[in-house]
Amino acid sequence: MSADPLSDALVVADARSVFTGGMTAGGDWAVRLPAGDRLRVHAVVRGTCMLIPDHGETLHLEEGDVVVIDGRHEVVVCSGPGLASVDVDDLHMDPRTRMAHLGDGSDVVAVSGHIDISRDYGELLREALPSLILVRSDAAEAPALSWLISRLMEEAAAGRAGADFISHHLAQVLFTQVLRVCLTRTEGLPAGWLRALADERLAPALRLMHGEPSHPWQLTELARAATMSRATFALRFKEAAGVPPLTYLLNWRMRLAARELRQREAPVAAIAAQVGYTSESAFSNAFKRTMGMSPRRYRDNARSRAGGGSV
């Protein structure tokens, strides 16, 4: 792992952004995005529309706006309220351009994507994010997002060799840029690693834990990195991250270990050493307390799910 908590979290959560496609629409139209396990990204390229969640406020989206939805609740994207909606999965999409059409005309052009995250540690991202992130077209980050969206549209329209590969990586960068936006808007973030990273005083301590997870970090060392007293640091960290510093470190080590168990054939003892345990039994006990099962059983379950195509 690196000393960059944002990059690390994307890796450990196995976050994969996928460019789904886009749509043109005009007149009266409405499309329903059902609840599910995926985070969804929706960007308005031209025109205006509404986004109506099944809870919370209705959003009026304009050209250049980007919204990320946590996927736990159904939302409707439409020209106006009270219209019968079509399920997004029922839309007919042009296989070449990956664009669908709704209603009458083409006043609105939008692109969409989703972020697939690990079944085991997708909550690492979900818990750190608000239920909805809106980046308006006049935000400082908007030009970069606009460029990425334009490139996605160009790749979809041109259909050149390697378009899928490029589109998926552009979508990944798009999502990372949105997370960077979150770091500038801490008032909307729930307690979690992203909110702690957004705190300039706490960020150095987070980088130490991520940069050297096997190091036997003590509260005094982490507080020194944050230039705070132990008591002040511990309180501020818990308020931002939702857990005390050393609990965060334990949980992070177990996330790293879980990823290694899913993806590598290394012995449990080697993985234990990698995350800072000199004793395999001590590591196994900590893993079981955190994950609810032993490392070996976790690995067996992960292999079983992978064999069934559900991971």
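Above this text is the structure in question.
What you see is a predicted model; the values in this text were computed from it and never measured.

Peer 1: So what's going on with the overall build of the chain? Which residues, and what values?
Peer 2: When helices and strands are counted, the chain shows twelve helices and eleven strands. Since a compact globule built from 311 residues should have a radius of gyration of about 19 Å, the 22 Å found for the chain is in line with a globular shape. Expressed as a percentage of its 311 residues, the buried residues of the chain come to 47%. Within the chain, residue pairs in contact and separated by at least 24 positions form 74% of the contacts whose partners lie at least 6 positions apart. Taking the 34 positively charged and 37 negatively charged side chains of the chain as two groups, their mean positions are separated by 10 Å.

Peer 1: Can you explain helix α6 (residues 203-211)? Please cite residues and give values.
Peer 2: At 3.6 residues per turn, the α-helix brings residues three or four places apart onto the same side. Those residues of α6 lying buried are Ala203, Ala205, Leu206, Met209 and His210. The buried residues of α6 occupy an angular sector of 160 degrees when the element is viewed end-on, so they sit on one face.

Peer 1: Got a sec to walk through the packing of aromatic side chains? Specific residues and values, please.
Peer 2: Aromatic rings considered in pairs are described by the distance between their centres and by the relative angle of their planes. A complete count under the given rule lists five aromatic pairs for this structure. Pairing Phe233 with Phe237 gives two aromatic rings, centres 5.7 Å apart and planes at 55 degrees, and the pair type is tilted. Placement of the pair is Phe233 and Phe237 together in helix α8 (residues 230-241), with a separation of four residues, close to one helical turn. By relative accessible area, Phe233 is classed as buried at 0%. By relative accessible area, Phe237 is classed as buried at 0%. Connected via pairs of aromatic rings, a cluster forms that spans Tyr277, Phe283, Phe287 and Tyr298.

Peer 1: If you had to explain unusual backbone geometry to someone new, which residues and values would you point to?
Peer 2: Both trends apply: most residues other than glycine have a negative phi, and most peptide bonds are in trans. With a phi close to 50 degrees, Thr227 is a non-glycine residue in the positive phi region. Along the chain, Thr227 falls in the loop between α7 (219-225) and α8.

Peer 1: Hey, could you go over the pattern of salt bridges for me, with residue numbers and the actual values?
Peer 2: Evaluated as defined, the whole model comprises eight salt bridges. Note that Arg32 and Glu74 form a salt bridge whose closest N and O atoms lie 3.8 Å from each other. Of this pair, Arg32 sits in strand β2 (residues 30-33) while Glu74 sits in the loop between β6 (66-69) and β7 (75-78), and the two are 42 residues apart along the sequence.

Peer 1: Run through the nonpolar core, naming residues and quoting values.
Peer 2: If you look at the biggest cluster of nonpolar residues, it comprises 67 residues, and the most contacted ones within it are Phe175, Trp193, Leu194, Phe233, Phe283 and Phe287. Sorting elements by how many residues they give to this core places helix α9 (residues 245-263) first, with eight residues. Grouped together as the second largest cluster of nonpolar side chains are 19 residues, Ala25, Leu33, Val67 and Val108 included.

Peer 1: Summarise the environment of Glu265; cite the residues concerned and give the values.
Peer 2: Within the secondary structure layout, Glu265 lies in the loop between α9 and α10 (268-274). Distance from Glu265 to Met209, taken between C-alpha atoms, is 25 Å for residues 56 residues apart in sequence. The contacts of Glu265, once residues within four sequence positions are left out, are Arg299 and Arg303. Of the polar contacts made by the side chain of Glu265, one reaches the side chain of Arg303; its length is 2.4 Å.

Peer 1: Lay out the packing of α9 against helix α11 (residues 280-291) in plain terms, naming residues and giving numbers.
Peer 2: The interhelical angle for the contact between α9 and α11, taken along N-to-C directions, is 95 degrees, at an axis separation of 10 Å. Put simply, α9 runs roughly perpendicular to α11. Of the residues in α11, those touching α9 at Leu250, Asn251, Met254, Ala257, Ala258 and Leu261 are Phe283, Ala286, Phe287, Thr290 and Met291. A per-class count over the contact of α9 with α11 returns nine nonpolar, two polar and no charged.

Peer 1: Give a detailed account of the environment of Gln172, specifying residues and quantitative values.
Peer 2: Within the secondary structure layout, Gln172 lies in helix α4 (residues 163-183). By relative accessible area, Gln172 is classed as partly exposed at 25%. Put simply, Gln172 and Leu10 are 162 residues apart on the chain and 9.7 Å apart in space, counted from C-alpha to C-alpha.

Peer 1: Describe the sheet that holds β2, naming the residues involved and giving the relevant values.
Peer 2: Across the sheet, which stays open at both edges, the five strands sit in the order β5-β4-β7-β2-β8 with mixed pairing between neighbours. Of all the strands in the sheet, just β5 (59-61) and β8 (86-87) have a single pairing partner and so form its edges. Note that strand β4 (residues 49-53) and β7 share four bridges and pair antiparallel. Among the inter-strand pairings, Met50 is bridged to a residue of β7, identified as Cys78.

Peer 1: Just give me the short version of the pairing of strand β3 (residues 39-46), but keep the residues and values in it.
Peer 2: For a regular strand, side chains alternate in direction, first toward one face of the sheet and then toward the other. One ladder, built from seven bridges, connects β3 with strand β10 (residues 108-116); its direction is antiparallel. The residue bridging Arg46 from the neighbouring strand is Val109, located in β10.

Peer 1: Now, about the packing of α6 against α9: what can you tell me, with residues and values included?
Peer 2: Running from N to C, α6 and α9 point in directions that differ by 35 degrees, and their axes come no closer than 10 Å. Where α6 crosses over α9, the handedness of that crossing is right-handed. Between α6 and α9, the residues in contact are Leu206, Met209 and His210 and Pro245, Tyr248, Leu249 and Trp252, respectively. Residue composition of the contact of α6 with α9, grouped by class: six nonpolar, one polar and no charged.

Parameters at a glance
Residues numbered from 1 in each chain as written. Predicted model: local features only at pLDDT ≥ 70, side-chain atom pairs only at ≥ 80, totals over all residues. Heavy atoms only, no water. Helix = DSSP H or I, 4+ residues; strand = E, 2+ residues; numbered from the N terminus. Rg over C-alpha atoms; globule rule 2.2 N^0.38 Å. Buried < 20%, exposed > 50% of the residue type's maximum accessible area, 1.4 Å probe, protein only. Contact = heavy atoms within 4.5 Å. Lys, Arg positive; Asp, Glu negative; His and termini not counted. Charge placed at Lys NZ, Arg CZ, Asp CG, Glu CD. Arc of directions from axis to C-beta. Phe/Tyr/Trp six-rings, centres within 6.5 Å; stacked < 30°, edge-to-face > 60°. Salt bridge = Lys/Arg side-chain N within 4 Å of Asp/Glu carboxyl O. Core = buried A, V, L, I, M, F, W, Y, C linked by side-chain atoms within 4.5 Å. Polar contact = N/O pair within 3.5 Å; in protein donor to acceptor, adjacent residues only side chain to side chain. Axes fitted to C-alpha atoms, helices over the stretch in contact; angles between N-to-C directions. Parallel < 35°, antiparallel > 145°, perpendicular 65-115°, else oblique. Nonpolar A, V, L, I, M, F, W, Y, C, P; charged D, E, K, R; others polar. Pairing = 2+ DSSP bridges. Left-handed = near helix turned anticlockwise from the far one by under 90°.

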